[in-house]
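Notes for the structure review
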Amino acid sequence: MTQSMISFVVGLAVLLVVAFMLAQRYMRDHKGEGMVQWLDAHHMGWMHHKH
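Below you will find a few notes about this structure.

The subject of this paragraph is the overall build of the protein. Looking only at helices and strands, one finds 2 helices and 0 strands in the protein. Within the protein, the fraction of its 51 residues that count as buried is 0%. For the protein, the accessible area works out to roughly 5,100 Å², and carbon and sulfur atoms hold 70% of it.

See the structure below:
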């Protein structure tokens, strides 16, 4: 593999590890809160904007 491809793979792995750690921390801090309640509290209108 080329050096740029190796750095891309390593960077992707680091991002995945950070995302996993944040998800674990969130789940630990919000045990009683389900995903439905979280989605209700955090409006996702930006995902549904019209193009």
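Text resumes after the structure shown.
All right, on to a nonpolar patch on the surface then. Residues M1, M5, I6, F8, V9, V10, L12, V14, L16, V18 and L22 make up a contiguous nonpolar surface patch of roughly 1,100 Å² in combined accessible area. Take I6: it is sitting in helix α1 (residues 3-29). We classify I6 as partly exposed; its relative accessible area is 39%.

What counts, and where the lines are drawn
Residue indices follow the written sequence of each chain, beginning from 1 at its first position. The predicted origin of the model limits local features to residues at a pLDDT of at least 70 and limits the giving and counting of side-chain atom pairs to 80 or more, whereas totals for whole chains, interfaces and linings rest on all residues. To get the side-chain values, take all heavy atoms of the structure and skip hydrogens and water. Runs of E in the DSSP output that reach at least two residues are strands. Runs of H or I that reach at least four are helices, and both are numbered from the N terminus. Throughout, exposure labels follow a simple rule: accessible area from a 1.4 Å probe, protein chains only, divided by the maximum for the residue type, with under 20% read as buried, over 50% as exposed, and the rest as partly exposed. Working definition of accessibility: Shrake-Rupley area with a 1.4 Å probe, residue cover restricted to the visible protein chains. What goes into a patch is any residue over 30% in relative accessible area without a salt bridge, connected to like charges within 9 Å or, for nonpolar side chains (Val, Leu, Ile, Met, Phe, Trp, Tyr), within 5 Å. We count a salt bridge whenever a side-chain nitrogen from Lys or Arg sits within 4 Å of a carboxyl oxygen from Asp or Glu.

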